[in-house]
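The primary structure of each chain is shown beneath.
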Amino acid sequence: MSQEKPAKGEPEGPRKTPEPSGVDLARVALRAAKEQARARGDAAQQKKQARRGGLRSGARADGRDPLPLGSAINRLITERGWETPAAVGGVMGRWPQIVGDDLAKHCVPQKYDEDERVLTVQCDSTAWATQLRLMAPQLVARLNEDLGHGTVRLLKVLGPGGPAHRFGPLRAPGSTGPGDTYG
């Protein structure tokens, strides 16, 4: 078994993974407390049913009743820790209300990187890309106001993608064609 030596400048020993932040720790603690409370409630319910003579159907709600769709989805989002991606997805759906109709016609959100907290936006012209880059600090502040502090750290603005000119008699090897000046 061979052991790799650390690169220059790296400390020896095992690499440390980043510690979870306070919000992450609180989310994990809340989820654990909910699961423990649910387990205690289920155990008490089973004791009651055993005393009554088993499972019975009745007019009162019990754990076997179906959930409304909205409640089931909200429970799933909370249990899996998908609050931030779901909120960002909602922002992408409400993009015209957040940035305004004029900007929304020319700039579309493409993706959100949850690890880096970067929202990528594609614009249809370099002029609109420049305009959005100038407005980026205000837009990031507006998004964080809507989603929660620190959800979006950076707005990455992409210009238009030019057409792919791959064939033709005047193409130089290694060149991307006239599209290399776009963006």
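Attention now goes to the overall build of the protein chain. Counting its regular elements, the protein chain contains six helices and three strands. Put simply, the protein chain has 183 residues, and 17% of those count as buried. For the protein chain, the proportion of contacts with a sequence separation of at least 24, taken over those separated by at least 6, is 53%. Element-wise, carbon and sulfur atoms account for 54% of the exposed surface of the protein chain, whose accessible area totals about 14,300 Å².

With that settled, the discussion passes to the environment of Tyr 112. Considering the arrangement of structural elements, one finds Tyr 112 in strand 1 (residues 107-113). Taking the relative accessible area as the measure of exposure, Tyr 112 reaches 17% and is therefore buried. Along the backbone, Tyr 112 and Met 92 are 20 residues apart, and their C-alpha atoms lie at a distance of 9.5 Å.

Backbone geometry places Arg 117, a non-glycine residue, at a positive phi of 60 degrees. Here Arg 117 shows up in the loop between strand 1 and strand 2 (118-123). Of the residues examined, Arg 117 reaches a relative accessible area of 35% and is grouped as partly exposed.

Interpretation of the predicted coordinates at a detailed level should be avoided for regions scoring low in pLDDT. Summarising the model, the protein chain shows a mean pLDDT of 75, and 68% of its residues fall at 70 or more. When the elements of the protein chain are averaged for pLDDT, helix 3 (residues 83-93) gives the smallest value, 71, and strand 3 (residues 154-158) the largest, 90.

So, about the pairing of strand 1. In regular strands, side chains alternate between the two faces of the sheet. When strand 1 meets strand 2, the two strands line up antiparallel, connected through six bridges. Directly across from Cys 107, in strand 2, lies its bridge partner Cys 123. Here strand 1 folds back onto strand 2 in antiparallel fashion, the turn holding four residues, of which Arg 117 has a positive phi close to 60 degrees.

Read from one edge of the open sheet, three strands run 1-2-3, paired in mixed fashion. What marks the edges here is a single partner per strand, and that holds for strand 1 and strand 3. Each adjacent strand pair in this sheet contributes to an overall mean axis angle of 25 degrees, direction not counted. Strands strand 1, strand 2 and strand 3 of the sheet are contacted by helix 6 (residues 126-147), whose axis makes an angle of about 160 degrees with strand 3.

Counting through the fold element by element, Asn 144 comes out in helix 6. Take Asn 144: its relative accessible area is 13%, and that puts it in the buried class. A polar contact is formed between the side chain of Asn 144 and the backbone nitrogen of Val 152, at a distance of 2.8 Å. Not counting residues up to four positions away in its chain, the partners in contact with Asn 144 are His 149, Gly 150, Thr 151 and Val 152.

Core analysis: the largest hydrophobic core is formed by 21 residues, its most contacted members being Leu 119, Leu 132, Leu 139 and Leu 155. Where this core is concerned, the elements lending two or more residues are helix 4 (95-99), helix 5 (101-106), strand 1, strand 2, helix 6 and strand 3. If one sorts the elements of this core by residue count, helix 6 sits on top with seven residues. Not counting residues up to four positions away in its chain, the partners in contact with Leu 139 are Trp 95, Ile 98, Val 99, Leu 132 and Leu 155.

Our focus in this paragraph is the pattern of salt bridges. Where charged atoms from two side chains of opposite charge come close, those side chains can pair. In the structure shown here, the tally under the stated rule is two salt bridges. Close ionic contact of Glu 79 with Arg 75 constitutes a salt bridge, the shortest N to O distance being 3.1 Å. Remark: Arg 75 and Glu 79 occur in helix 2 (residues 69-80); sequence separation between them is four residues, near one turn of the helix. Judged by relative accessible area, Arg 75 falls into the partly exposed class, the value being 41%.

Quick notes on the rules
- Residues numbered from 1 in each chain as written.
- Predicted model: local features only at pLDDT ≥ 70, side-chain atom pairs only at ≥ 80, totals over all residues.
- Heavy atoms only, no water.
- Helix = DSSP H or I, 4+ residues; strand = E, 2+ residues; numbered from the N terminus.
- Buried < 20%, exposed > 50% of the residue type's maximum accessible area, 1.4 Å probe, protein only.
- Contact = heavy atoms within 4.5 Å.
- Areas by Shrake-Rupley, 256 points an atom, 1.4 Å probe, with all protein chains shown as cover.
- pLDDT = per-residue confidence, 0-100.
- Pairing = 2+ DSSP bridges.
- Axes fitted to C-alpha atoms, helices over the stretch in contact; angles between N-to-C directions.
- Polar contact = N/O pair within 3.5 Å; in protein donor to acceptor, adjacent residues only side chain to side chain.
- Core = buried A, V, L, I, M, F, W, Y, C linked by side-chain atoms within 4.5 Å.
- Salt bridge = Lys/Arg side-chain N within 4 Å of Asp/Glu carboxyl O.

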